[in-house]
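Each chain, letter by letter, is given below.
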Amino acid sequence: MSEAQEAAYDVVVLGAGSGGYACALRASQLGLRVALIDEAELGGTCLHRGCIPTKALLHAAEVADEARSASQVGVRATFDGVDGPGLLAYQQSVVDRLHKGLQGLISAATVDWVPGRGRLVAPDTVAVQGTNGSSRLVRGRHVVIATGSQVRTLDGVAFGERIISSDQALRLEQVPQRALVLGGGVIGVEFASIWASFGAEVTIVEAVDRLLPGEDPAISKGLQRALKRRGITARTGARVANAEEHDGGVRLALEDGTVLEGDVLLVAVGRGPVTADLGLDSAGVQLDGGFVRTDERLRTSAEGIYAVGDVVRGLQLAHRGFGHGIFVAEEIAGRSPQPVPEENIPRVTYCDPQVASVGLTEPAARERFGDEIDTVEQSLAGNGKSQILHTTGMVKMVRHRGGPILGVHLLGARMGEQIGEAQMLVNWEAYPQDVAPLIHAHPTQNESLGEAALALAGSPLHSHN
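It should be emphasised that the depicted structure is a prediction, and the values quoted were computed from it without experimental measurement. (Residues numbered from 1 in each chain as written. Predicted model: local features only at pLDDT ≥ 70, side-chain atom pairs only at ≥ 80, totals over all residues. Heavy atoms only, no water.)

Q: Sorry if this is basic, but what is going on with the overall build of the chain here?
A: Counting its regular elements, the chain contains 13 helices and 25 strands. With respect to the three principal axes, the spread of C-alpha positions in the chain is 70 × 60 × 45 Å. Evaluated residue by residue, the chain yields a buried proportion of 51% over its 465 residues. Nonlocal contacts in the chain, meaning residues at least 24 apart in sequence, comprise 63% of its contacts between residues at least 6 apart. With the model as given, the accessible surface of the chain reaches about 21,300 Å², and the carbon-plus-sulfur share is 49%. Taken together, the 41 basic and 55 acidic charged side chains of the chain have centroids lying 1 Å from each other. (Helix = DSSP H or I, 4+ residues; strand = E, 2+ residues; numbered from the N terminus. Buried < 20%, exposed > 50% of the residue type's maximum accessible area, 1.4 Å probe, protein only. Contact = heavy atoms within 4.5 Å. Areas by Shrake-Rupley, 256 points an atom, 1.4 Å probe, with all protein chains shown as cover. Lys, Arg positive; Asp, Glu negative; His and termini not counted. Charge placed at Lys NZ, Arg CZ, Asp CG, Glu CD.)

Laid out in structure tokens, this is it:
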């Protein structure tokens, strides 16, 4: 093997997912010399095995539901089933177009793309093992760890042909007739929604007492009711003993003695950081349960090394990694950017109905501010556009009494599209009485945010609960 020593870069980014490529692009814009290293495709999990292909399937699921219910709006249409290969081809076409565009951005930004597996051999040096057997050393004044996350499982639950990860679920050519979903978080709820729309019988098994445990309890409760109306069974407070594959199916045993049968079992119990075998220990980078330990400015314990995205403990969201990457690039360039508090990052679960939120939940707000909290729950029942869409749900707002809006929590079809205004209300510390006079277009679901602000300001126009 030959080994070449590179001239030093300003920034060496290890990992080309959302956090890594965002950091590379922004650093290049700021005039820094950048190397971007990854053994997989540019775009990482989000583009190839996560956000994009999953949301493509969710859109297809929405089309299936629209076809199935078309007669309710006077349109003659039928749902005849799913063309598995056609579905995968559509999904891949979306990924391919975005991948091509991202490749063009990296090329135009004059970022040096280094394909291969990178490993720190010194705080300022990454050894890259290329796919062709060559190796090279890439040096940088600053190194950014952006290696992302990978699927996890539980003891007694081993992946196979029918006990599958979300990566495998994205490649299924046939919709299972009976699907078991282990985990009621974002990934589990989204796949449950997809398969139910395609005609599967779905059961979600969640260890804690509610679905989407990171969301406001009122939203979790409303979502569980909505999924039940769709025929999705949610068994909360249920712990798994073991799971095994057998001819034609999967058997899932719970600790209470219940045994569930299905065609497949999707294991969606979270994702773990990709930090093993990266040479982090030898470079002086401290870990915390596998995650890279950082300060609020995303600096690690090693001088000149930063970490972004899913390797940093917290929300595992592509746009969080994207924001981290931009922040670190500007930090290295000396621009002293302002860190974004974790709770002010918007969160969306793209099931049907959708869940979207930003800011503090009511329990979190009460823990921080005690009883000096006011909340309002605005039903979508009186919202014209929601009635047109045949959706139900709510907008919940949380404020510090006499102070700004601390959290906005949404449940309903397409409500993820409203998170932009909600994010501004929370991040700009808007007061309800300042938002109330704003005119919201009619008929839109966006009006429901205005109605909630009116109610929280003490002047509700319509009734609310």
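Q: Explanation requested: the sheet that holds strand β13 (residues 240-246) in the structure shown.
A: Neighbouring strands of a sheet are bound in pairs by backbone hydrogen bonds; such pairs are parallel or else antiparallel. The antiparallel open sheet is built from three strands, whose spatial order is β13-β14-β15. Here the strands that pair on one side only, and so sit at the sheet edges, are β13 and β15 (259-262). Neighbour to neighbour, the strand axes of the sheet diverge by 15 degrees on average, direction disregarded. Pairing of β13 with strand β14 (residues 249-254), which is carried by six bridges, proceeds in the antiparallel orientation. Paired with V240 across the two strands is L254, which belongs to β14. (Pairing = 2+ DSSP bridges. Axes fitted to C-alpha atoms, helices over the stretch in contact; angles between N-to-C directions.)

Q: What's the story with the packing of helix α3 (residues 51-68) against helix α6 (residues 186-197) in this structure? I'm lost.
A: Packed helices, taken two at a time, are described by their axes: the angle between them and the distance between them. Following both chains from N to C, one finds α3 and α6 inclined at 35 degrees, their axes separated by 8 Å at the closest point. In the packing of α3 onto α6, the handedness of the crossing is left-handed. Between α3, through T54, K55, L57, L58, A61, A64, D65 and R68, and α6, the contact on the second element is made entirely by E190, F191, S193, I194 and S197. Class assignment of the residues belonging to the contact of α3 with α6 gives a composition of six nonpolar, three polar and four charged. (Left-handed = near helix turned anticlockwise from the far one by under 90°. Nonpolar A, V, L, I, M, F, W, Y, C, P; charged D, E, K, R; others polar.)

Q: Looking at this model, I keep getting lost on the side chain of E447. Mind explaining?
A: Structurally, E447 can be placed in helix α13 (residues 447-456). Notably, E447 is buried but unbridged: the nearest opposite-charge side chain belongs to K385, and the N-O separation is 9.1 Å. Among the polar contacts listed, one links the side chain of E447 to the side chain of H442, at a separation of 2.9 Å. A distance of 3.1 Å separates the side chain of E447 from the backbone nitrogen of T444, its partner in a polar contact. With residues near it in sequence (within four places) discarded, E447 still touches N383, H440, A441 and H442. (Salt bridge = Lys/Arg side-chain N within 4 Å of Asp/Glu carboxyl O. Polar contact = N/O pair within 3.5 Å; in protein donor to acceptor, adjacent residues only side chain to side chain.)

Q: Any chance you could explain the packing of aromatic side chains here in plain terms?
A: Centre distance and the angle of the planes are the two values used to describe a pair of aromatic rings. Enumeration over the complete set of coordinates arrives at two aromatic pairs. Between the aromatic rings of Y21 and F322, the centroid separation amounts to 6.1 Å while the plane-to-plane angle is 70 degrees, which identifies the pairing as edge-to-face. Residue Y21 is located in helix α1 (residues 18-29), and its partner F322 is located in helix α8 (residues 318-332); the two are separated by 301 residues in the primary sequence. Classification of Y21 as buried rests on a relative accessible area of 17%. Look at F322 and you get partly exposed, because its relative accessible area is 36%. Aromatic pair F191 and W195: ring centres 5.7 Å apart, planes at 50 degrees, arrangement tilted. In this pair, F191 and W195 are both assigned in helix α6, four residues apart and thus about one turn of the helix distant. With respect to burial, F191 and W195 carry one shared label: buried. We note R33 situated over the ring of Y9; from NZ or CZ to the ring centre the distance is 4.1 Å. (Phe/Tyr/Trp six-rings, centres within 6.5 Å; stacked < 30°, edge-to-face > 60°. Lys NZ or Arg CZ within 6 Å of the ring centre and 35° of its normal.)

Q: Help me out: how do you make sense of empty space enclosed by the protein in this one?
A: A probe matching the size of a water molecule, rolled over the atoms, marks out where space remains unfilled. Applying the stated criterion across every chain, the model contains one cavity of 30 Å³ or more. Roughly 40 Å³ of internal volume is contained in the largest cavity. V151, R152, S166, I187, V267, A268, V269, G270 and R271 are the residues that line the largest cavity. The residue makeup of the lining of the largest cavity, split by class, is five nonpolar, two polar and two charged. (1 Å grid on protein atoms, 1.4 Å probe; cavity = no way out; pocket = protein on both sides within 12 Å on 5 of 7 lines; lining within 4 Å. Points joined across faces, edges and corners; volume = space filled by probe spheres on them.)

The quantities given are spatial measurements derived from coordinates; they are silent on function.
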